[in-house]
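Observations on the three-dimensional arrangement
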Amino acid sequence: MLEKGNIAGRQFMVLVVFYILGSAILFIPGKLTVPGKQDSWIAALVATGIGLLIVSLYNVIMRRNPTMTIVEYSEHVLGKWFGKIVALIFLSFFYILIGLDVRDIGDFLSTQVMPETPIQAFFIPFLCVVIFGARYGLEVYARFAELFFPVILLLYFILVISISPQIKLENIQPVFEHGIKGIATAAPVMIGFPMSELVALLMIYPYVNQQIMAAKGFLIGTLIGGMMLTLITFISIGVLGPFGTVSTSYPSYLLAQKINIGDFFQRVEAIIAVIWFFTLFTRVIIFFYAIVLGLAQIMKLKDYRPLIIPIGLILLPFAQTVSPNFIHIIQTTKYEWVMYQITCGVIFPLLLLGGDTLRKYLGHMYRK
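In short, a report on the structure. Residue indices follow the written sequence of each chain, beginning from 1 at its first position. The predicted nature of this model means local features are confined to residues of pLDDT at least 70 and side-chain atom pairs, given and counted, to a pLDDT of 80 or more, with totals for whole chains, interfaces and linings taken over all residues. In computing side-chain properties, one takes all heavy atoms of the structure into account and sets aside hydrogens as well as water.

For the rest of this paragraph, the subject is the overall build of the protein. Looking only at helices and strands, one finds 14 helices and 2 strands in the protein. The globule rule puts the C-alpha radius of gyration for 368 residues at 21 Å, and the 21 Å found for the protein is close to it. Along the three orthogonal principal directions, the C-alpha set of the protein runs to about 70 × 45 × 35 Å. The burial tally for the protein puts 55% of its 368 residues in the buried class. Within the protein, contacts between residues at least 6 apart in sequence are counted, and of these 84% link residues at least 24 apart. Helix numbers and strand numbers start at the N terminus; a helix is a DSSP run of H or I with at least 4 residues, a strand a run of E with at least 2. Here the radius of gyration uses the C-alpha set of atoms, whereas the globule reference equals 2.2 Å times the residue count to the power 0.38. Remark: exposure states derive from per-residue accessible area (1.4 Å probe, protein chains only) relative to the maximum for the residue type, with buried under 20%, exposed over 50%, and partly exposed in between. When checking whether two residues touch, look at their non-hydrogen atoms; a contact exists if any pair is within 4.5 Å.

Right, dumping it as structure tokens:
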């Protein structure tokens with residue numbers, strides 16, 4: 001195994017929660033509310049349930065071959081060349097996602113925090129930290145995530161409790177106004193982003209100390225992350241209304257700006273910014289680690305670290321060119337992108353599991 005470090009089941013659970021929150025805590029309320037209107041929080045609840053089924057699929061795959069990453073599993077099931085092609089499809093998926101996430105960082109900071117600063121000034125230091133984190137290995141940033149997990153939870157609940165008095169129940173009524181159709185249209189958005197993207201965690205799954213704890217941590221982390229997104233979606237609609245949630249690029253950030261307790265505790269949007277930054281950093285470093293580790297496994301290298309700097313340098317121009325602006329990202333990641341996410345995150349793993357089952361069945365029949 002190229003990675004010598006190991007992480008505990010609780011650390012893996014924290015990585016799952018951070019990974020799900022990532023960009024989603026900023027974008028999911030708006031993305032879901034476009035098709036789901038005031039029922040989008042129900043769509044988030046449905047998507048969380050389906051996310052648990054997706055994770056159960058991943059757990060079955062890893063139970064079959066607990067020491068293999070998804071890249072190694074692809075080669076194991078499909079053979080050397082076919083397996084490498086599928087593995088490269090997974091890695092290209094991760095590469096596009098990391099480019100979009102880094103771009104999100106630049107767009108957010110250059111529009112909401114420091115509009116006079118060139119976007120490259122945010123990319124470079126952020127990617128430098130990611131490169132250093134990947135170089136120090138899996139255990140280091142797993143401990144980092146575990147250390148900051150209570151802080152993130154505290155900030156999240158401060159946000160929820162502080163903004164809850166402003167919720168207007170009429171904003172979420174009538175419930176089921178558009179019936180099942182509205183929910184069925186909105187739920188796939190969250191099933192694609194971020195639930196189907198959890199497939200990247202199959203690159204670090206084999207390095208969790210105990211398989212049972214890994215499977216349990218995967219499910220619990222998905223449930224916690226999904227419920228946190230559901231709650232923030234519900235609050236966004238309750239406070240801003242469906243139209244207000246859709247009409248702003250960062251609904252949860254606007255929520256934090258609206259907090260005002262006794263004209264003293266107000267304008268605390270830094271809360272959501274800190275949550276988003278730390279969770280997105282974890283998400284980006286997992287993608288980065290998955291890419292360099294996967295490439296090393298495909299090329300049969302003895303160490304993935306020589307790939308870290310070259311991949312990091314390529315990411316800088318890619319993050320700038322992956323999309324010309326924020327509006328373009330929103331327009332191009334609506335429907336076709338959801339199908340791409342579900343294909344890479346659900347259909348391919350399902351086909352791999354089916355192929356593995358068929359191969360073992362035929363092998364068993366042949367031995368008879």
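For Asp101, the location among the structural elements is in helix H5 (residues 80-113). N or O atoms within 3.5 Å of each other form a polar contact, as long as, within protein, one can give a hydrogen and the other can take it, and as long as residues adjacent in sequence are counted only when both atoms are side-chain atoms. Polar contacts involving the side chain of Asp101 include one to the side chain of Arg283, which spans 2.6 Å. Apart from the residues lying within four places of it in its own chain, the contact partners of Asp101 are Ser23, Leu280, Arg283, Val284 and Phe287.

Moving on, we come to helix H7 (residues 138-163). Helix length check: H7, at 26 residues, gives a terminal C-alpha distance of 36 Å against a target of 38 Å (1.5 Å per residue), a fit within 8%. At any given residue, the bend is defined as the angle formed between two axes, one fitted to the seven residues that end at that position and one fitted to the seven that begin there. At Phe148, H7 shows its maximal bend, which comes to roughly 40°, and the proline Pro150 appears one to four places after that position. Within H7 the residues assigned to the buried category are Leu138, Tyr141, Ala142, Ala145, Phe149, Ile152, Leu155, Tyr156, Leu159, Val160, Ser162 and Ile163. By this rule, a helix spans an expected 1.5 Å times one less than how many residues it contains.

Only the six-membered ring of Trp is used, alongside the rings of Phe and Tyr, when aromatic pairs are assigned; centres must lie within 6.5 Å, and planes under 30 degrees apart are stacked while those over 60 apart are edge-to-face, with the rest tilted. Scanning all chains against the criterion turns up 27 aromatic pairs. Residues Phe108 and Tyr250 carry aromatic rings whose centres are separated by 5.1 Å and whose planes lie at 85° to one another, so their mutual orientation is edge-to-face. Taken together, the positions of Phe108 in helix H5 and Tyr250 in the loop between helix H9 (211-246) and helix H10 (251-258) put the pair 142 residues apart, joining distant regions of the chain. Neither residue differs from the other here; Phe108 and Tyr250 are each classed as buried.

It is at 9 Å that the axes of helix H2 (residues 24-36) and H9 come closest, and there the two elements cross at 55°. It follows from the interaxial angle that H2 and H9 lie oblique. The element H2 and its partner H9 pack so that their crossing is right-handed. Where H2 approaches H9, its residues Ala24, Ile25, Ile28, Pro29, Gly30, Leu32, Thr33 and Val34 are matched on the opposing element by Leu229, Ile232, Thr233, Ser236, Ile237, Pro242, Thr245 and Val246. Think of it as three bins: nonpolar holds Ala, Val, Leu, Ile, Met, Phe, Trp, Tyr, Cys and Pro, charged holds Asp, Glu, Lys and Arg, and polar takes everything else, Gly as well. For the contact of H2 with H9, the per-class residue count stands at 11 nonpolar, 5 polar and no charged. Axis geometry follows a simple rule: fit a line to the C-alpha atoms, using only the stretch in contact for helices, then measure angles between N-to-C directions, giving values from 0 to 180 degrees. Oblique is the label for every angle not falling under 35 degrees (roughly parallel), over 145 degrees (roughly antiparallel), or within 65 to 115 degrees (roughly perpendicular). We call a crossing left-handed when the near helix sits turned anticlockwise from the far one by less than a right angle, and right-handed when that turn is clockwise.

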